[in-house]
Amino acid sequence: MSESGYDVVAVGGGSNGLIAAAYLAKAGKRVLVLERAGYLGGGVASGELTAPGFIHERHGTVHAKIMANPLVTADELELQSRFGLMYVRPEDSFGAIFEDGSFIGLSQNRERTLASLAAVVPEDVEAFRRFADLADEVVDALIPGFFSPPTSVAQTLNLNPWTPRGVDLRGT
């Protein structure tokens, strides 16, 4: 242990710094987190930012990666079992508003997303549908790679890299 009483100093109390500090603390390290802002959480901290009564995050939009993280899926830091963490995932989670007032919303319901897309850029609906089909096919196999040493996409999916899908994913 160092003279200060801390083994590790985490500079920055955003979500990544806090997660790293929590894992280090769980491993028995004494951790000090330093944050210059008056709040913790960085871009995913909620606040009343745009108008009174409207609370939203500063930067967080799509939470797929944190929802797949073992700190949530396996409760590795006991945030759910010990502290009651509940991660609420709304059906409609993200949207883009354009200068002309049009809006594209992303939803857990694919047909709602496609309908929203069709209202603004109907020519992109089929391309998005193909992309979503590919994502359905590969995302569950790719997620563990976010949290472990990298391998090739073909290895992760147990694909021969010379099959049509392997070539698609290899990009050549």
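Our subject in this report is the structure included herewith. (Residues numbered from 1 in each chain as written. Predicted model: local features only at pLDDT ≥ 70, side-chain atom pairs only at ≥ 80, totals over all residues. Heavy atoms only, no water.)

Focus on the overall build of the protein chain
- Of the regular secondary structure elements, the protein chain holds seven helices and six strands.
- In sequence order, the secondary structure elements of the protein chain are arranged as β-α-β-β-β-α-α-β-β-α-α-α-α.
- In the protein chain, which comprises 172 residues, the share counted as buried stands at 17%.
- Considering only residue pairs separated by 6 or more positions, the protein chain has 24% of its internal contacts joining residues 24 or more positions apart.
- Put simply, the protein chain shows about 12,100 Å² of open surface, and 58% of that area lies on carbon and sulfur atoms. (Helix = DSSP H or I, 4+ residues; strand = E, 2+ residues; numbered from the N terminus. Buried < 20%, exposed > 50% of the residue type's maximum accessible area, 1.4 Å probe, protein only. Contact = heavy atoms within 4.5 Å. Areas by Shrake-Rupley, 256 points an atom, 1.4 Å probe, with all protein chains shown as cover.)

Here we look at unusual backbone geometry
- Of note in this structure, aspartate 75 is not a glycine but carries a positive phi near 50°.
- Among the structural elements, aspartate 75 can be located in the loop between helix H3 (70-73) and strand S5 (92-97).
- For aspartate 75, a relative accessible area of 16% puts it in the buried group.

Things to note about helix H1 (residues 15-26)
- End to end, H1 covers 16 Å across 12 residues, agreeing with the expected 16 Å (1.5 Å per residue, within 8%).
- Positive phi appears at glycine 28, one or two residues downstream of H1, with a value of about 100°. (Expected span 1.5 Å × (residues − 1).)

Some points on the environment of asparagine 69
- With respect to the element layout, asparagine 69 can be found in the loop between helix H2 (64-68) and H3.
- Sequence-wise, asparagine 69 and isoleucine 143 are 74 residues apart; in three dimensions their C-alpha atoms are separated by 8.5 Å.
- For asparagine 69, the contacting residues outside a window of four places in its chain are Tyr23 and Phe147.

As for the nonpolar core
- In terms of nonpolar packing, the biggest core is built from five residues, these being Ile104, Leu114, Leu117, Val121 and Val125.
- Residues within four places of isoleucine 104 in sequence aside, it is in contact with Phe94, Gly95, Ala96, Phe98, Ser116, Leu117, Val120 and Val121. (Core = buried A, V, L, I, M, F, W, Y, C linked by side-chain atoms within 4.5 Å.)

Observations regarding the side chain of threonine 113
- By the element assignment, threonine 113 lies in helix H4 (residues 110-120).
- Classification of threonine 113 by relative accessible area gives buried; the value is 3%.
- Not counting residues up to four positions away in its chain, the partners in contact with threonine 113 are Gly105, Leu106, Ser107 and Phe128.

What about the packing of aromatic side chains?
- By the definition in use, this model includes one aromatic pair.
- Ring plane angle 50° and centroid distance 6.2 Å describe the contact between phenylalanine 128 and phenylalanine 131, whose orientation is recorded as tilted. One end of the pair is phenylalanine 128 and the other is phenylalanine 131, both in helix H5 (residues 125-142) and three residues apart, which spans about a single turn.
- Relative accessible area serves as the criterion here: at 26%, phenylalanine 128 is assigned to the partly exposed category.
- A relative accessible area of 53% places phenylalanine 131 in the exposed class.
- The aromatic ring of tyrosine 6 is capped on one face by arginine 30, whose charged end is 5.4 Å from the ring centroid. (Phe/Tyr/Trp six-rings, centres within 6.5 Å; stacked < 30°, edge-to-face > 60°. Lys NZ or Arg CZ within 6 Å of the ring centre and 35° of its normal.)

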